[in-house]
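# Descriptive structure summary
Take a look at the letters that make up each chain.
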Amino acid sequence: LFRSLLEMAGHELVLFLTPTVAGPLRILLGQQQQRYTWVISSSGLSRKKFIRQIAEEIGNRGLSHFFLHTLSGNYTDWARVVDEHPITRFWVTVHDSNTLFYSRLSFHPRQLVHHLGKKRLIRKTTGFITLNEHIQIYLKSQHLTQKPIHYLPGAFYDPPASPISSSLEKEHICLAIPGS
């Protein structure tokens, strides 16, 4: 849905990816991969250097919106990128609201930088995207931010409806999920 919304509006989509993500995604997209501009990090390039490369591309391309979909670190570096590009609107995808918004203050140097970087990025970003409606509801109910929080179901692959799934819609299904 997210991808199709942007494509319908006629916008250019630039994908910034690591080689391990780009390879399977190209296979999944097939001929549709030509619709996108691909910026793939060089093998062995550090995450910090790839972020710097992305920052340069944002400036060179004049990107109006930038969606950070998977953040697992380098929050201070990303906050710096946001500072460097005041015209670009930065949206952070929230996968785990507790990890992002309830970061614990620590006096261990590495964890302190991590914590302060998260807080700075939250303060600097334009708003937030959730891929799950329940996360959006939770964020709004907890009043964790005054910034916009949008729910956009994200997927690159929209499989065609299968005859099996349409026939199952008419049947009563009983699921058993084993486990302890």
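What you are looking at is a predicted structure, and each value in this text was computed from that prediction instead of being measured.

### A closer look at helix H6 (residues 109-124)
Given a rise of 1.5 Å per residue, 16 residues ought to cover 22 Å, and the 22 Å separating the end C-alpha atoms of H6 matches this to within 8%. Every buried residue of H6 is listed here: His115, Gly117, Lys118, Leu121 and Ile122. Looking down the long axis of H6, one finds its buried residues gathered within 160° of arc, a one-sided arrangement. Within H6, the exposed residues directed more than 90 degrees away from the buried face are Pro109 and Arg123.

### Examining the pairing of strand E1 (residues 14-17)
Of the two faces of E1, the one holding Val14 and Phe16 and the one holding Leu15 and Leu17 are both buried throughout. Strand direction decides the pairing type here: E1 and strand E2 (residues 37-40), joined by 4 bridges, are parallel. Bridged to leucine 17 within E2 is isoleucine 40. Where the polypeptide runs from E1 across helix H2 (residues 19-29) and back to E2, its parallel neighbour, the crossover connection is right-handed.

### Digging into the pattern of salt bridges
Following the criterion strictly, the structure yields 6 salt bridges and no others. Across the salt bridge formed by arginine 52 and glutamate 84, the nearest N and O atoms sit 3.0 Å from each other. A residue pair is termed long-range when its members are at least 10 positions apart, and arginine 52 in helix H3 (residues 47-61) and glutamate 84 in helix H4 (residues 75-84) qualify at 32 residues. Using a relative accessible area of 32% as the deciding quantity, one classes arginine 52 as partly exposed. Glutamate 84 sits in the partly exposed class, given a relative accessible area of 35%. Measuring nitrogen to oxygen at the nearest pair gives 2.4 Å for the salt bridge that ties arginine 120 to aspartate 83. Placement of arginine 120 in helix H6 and of aspartate 83 in helix H4 is noted, with a sequence separation of 37 residues between them. You can call arginine 120 partly exposed: its relative accessible area is 22%. For aspartate 83, a relative accessible area of 33% corresponds to the partly exposed category. Here the salt bridges do not stand alone but share partners, grouping Lys48, Asp77 and Arg80 into one network.

### Brief notes about the confidence of the model for the protein
Looking at the protein, pLDDT values average 83 and 79% of them are 70 or higher. Confidence, expressed as mean pLDDT per element, reaches its minimum in the protein at helix H8 (residues 163-168) with 50 and its maximum at H4 with 95.

### Here's the deal with the packing of aromatic side chains
Taken as a whole and assessed by the stated rule, the structure comprises 5 aromatic pairs. Between phenylalanine 66 and phenylalanine 90 the ring centres are 5.6 Å apart and the planes differ by 50°, which places this aromatic pair in the tilted class. Linking phenylalanine 66 in strand E3 (residues 65-68) with phenylalanine 90 in strand E4 (residues 89-94), this pair joins segments that are 24 residues apart in sequence. For the pair phenylalanine 66 and phenylalanine 90, one class covers both residues: buried. A ring pair is formed by phenylalanine 67 and tryptophan 91, whose centres lie 6.5 Å apart and whose planes are at 15°; its orientation type is stacked. Remark: tryptophan 91 occurs in strand E4 and phenylalanine 67 occurs in strand E3; sequence separation between them is 24 residues. Phenylalanine 67 gets classed as partly exposed once you look at its relative accessible area, which sits at 23%. Taken together, the ring pairs in this structure connect Phe16, Phe66, Trp78 and Phe90 into an aromatic cluster. One Lys or Arg, arginine 26, reaches over the ring of tryptophan 38 and ends 4.2 Å from the middle of that ring.

Definitions and limits used
Residues numbered from 1 in each chain as written. Predicted model: local features only at pLDDT ≥ 70, side-chain atom pairs only at ≥ 80, totals over all residues. Heavy atoms only, no water. Helix = DSSP H or I, 4+ residues; strand = E, 2+ residues; numbered from the N terminus. Expected span 1.5 Å × (residues − 1). Buried < 20%, exposed > 50% of the residue type's maximum accessible area, 1.4 Å probe, protein only. Arc of directions from axis to C-beta. Pairing = 2+ DSSP bridges. Right-handed = clockwise from strand over helix to strand, strands pointing away. Salt bridge = Lys/Arg side-chain N within 4 Å of Asp/Glu carboxyl O. pLDDT = per-residue confidence, 0-100. Phe/Tyr/Trp six-rings, centres within 6.5 Å; stacked < 30°, edge-to-face > 60°. Lys NZ or Arg CZ within 6 Å of the ring centre and 35° of its normal.

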